[in-house]
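Read off the chains here:
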Amino acid sequence: MQVLFVEDDVLLGDGIETALRREGHQVTWLTEGEGVLEHVERGQIDAVILDLGLPGIDGMEVLRRIRAAHDVPVLILTARDSLEDRIQGLDAGADDYVLKPFDVDELQARLRAISRRQGGRTQQSIRIGPLHIDHARHEVSWKERLVKLSRREYTLLHELAQHPGQVFTRPHLEKLLYGCCDEIESNALEVHIHHLRKKLDSNLIVTLRGIGYRLDDKIE
């Protein structure tokens, strides 16, 4: 998982970061609330672990700003143990609330739990520059113009658009489109990507040769 970890206590933060990395997570550690939203908006964060007692912008305000635009899972990690604080945090949009002191194994388990719950969610509406995907209707618009896509073109575009800027490998995308058992032509994926570029924009999907593909999150 790509975890955004926000904690101003350097000693505690170092220990948690080490434990998360040992579990195989990729961790971005911030010591203040400033900059959190910028990282989330890049679309590559799978979960946020958020302290509330941060310098500058309070953690609760950071949570509200995240929830105003994103549904990324947020786990609050704090010493604020009153019932009122816990209710306020959960009502503001936190997926879980863990009190300090805590057991690292429990933190890991709770992180896995909110990640599983997120796996069942699907963004119903995605806007990236002139691209708009209405997942409830399976409709795609480019610069306010409705674009007709095939089933596999839509599936491919939706996968890339849910994580703009993130690189997806060829095996991942082929499995998504064709499953594990279907025999496919060697250039089948490229054909779908060619069609999407032709129907939407030639620069929308970026090829990283030998690595995979990503959606350009700066497209205009």
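Conventions we followed
Residues numbered from 1 in each chain as written. Predicted model: local features only at pLDDT ≥ 70, side-chain atom pairs only at ≥ 80, totals over all residues. Heavy atoms only, no water. Helix = DSSP H or I, 4+ residues; strand = E, 2+ residues; numbered from the N terminus. Expected span 1.5 Å × (residues − 1). Buried < 20%, exposed > 50% of the residue type's maximum accessible area, 1.4 Å probe, protein only. Pairing = 2+ DSSP bridges. Axes fitted to C-alpha atoms, helices over the stretch in contact; angles between N-to-C directions. Contact = heavy atoms within 4.5 Å.

Trainee: Explain helix H6 (residues 151–162) here, please?
Mentor: It helps to recall that an α-helix has 3.6 residues per turn; residues three or four apart then point in one direction. The terminal C-alpha atoms of H6, which comprises 12 residues, lie 17 Å apart, in line with the 16 Å expected from a rise of 1.5 Å per residue. For H6, the tally of buried residues reaches 9 of 12 residues, placing the bulk of the element in the interior. Those residues of H6 lying buried are Glu153, Tyr154, Leu156, Leu157, His158, Glu159, Leu160, Ala161 and Gln162.

Trainee: Is there a simple way to think about the sheet that holds strand E6 (residues 125–128) in this case?
Mentor: Strand-to-strand pairing in sheets goes through backbone hydrogen bonds, with the strands running parallel or antiparallel. A sheet is described by the order of its strands in space; here 4 strands give the open sequence E6-E7-E8-E9, paired in antiparallel fashion. Looking at the sheet topology across the chains shown, the edges are occupied by E6 and strand E9 (145–147). When the angles between neighbouring strand axes are averaged without regard to direction, this sheet yields 20°. Sheet topology note: the strand E8 (residues 139–142)/E9 ladder contains 3 bridges and is antiparallel. Bridging across to E9, Ser141 finds its partner in Leu146. Against the sheet, H6 engages E6, strand E7 (131–134) and E8, with an angle of about 110° to E7.

Trainee: Looking at this structure, how should I read the pairing of strand E2 (residues 26–30)?
Mentor: Regular strands show a simple pattern: their side chains alternate between the two faces of the sheet. Summarising the sheet, strand E1 (residues 2–6) and E2 pair through 5 bridges and their orientation is parallel. In the strand pairing of E2, Leu4 is matched with Thr28.

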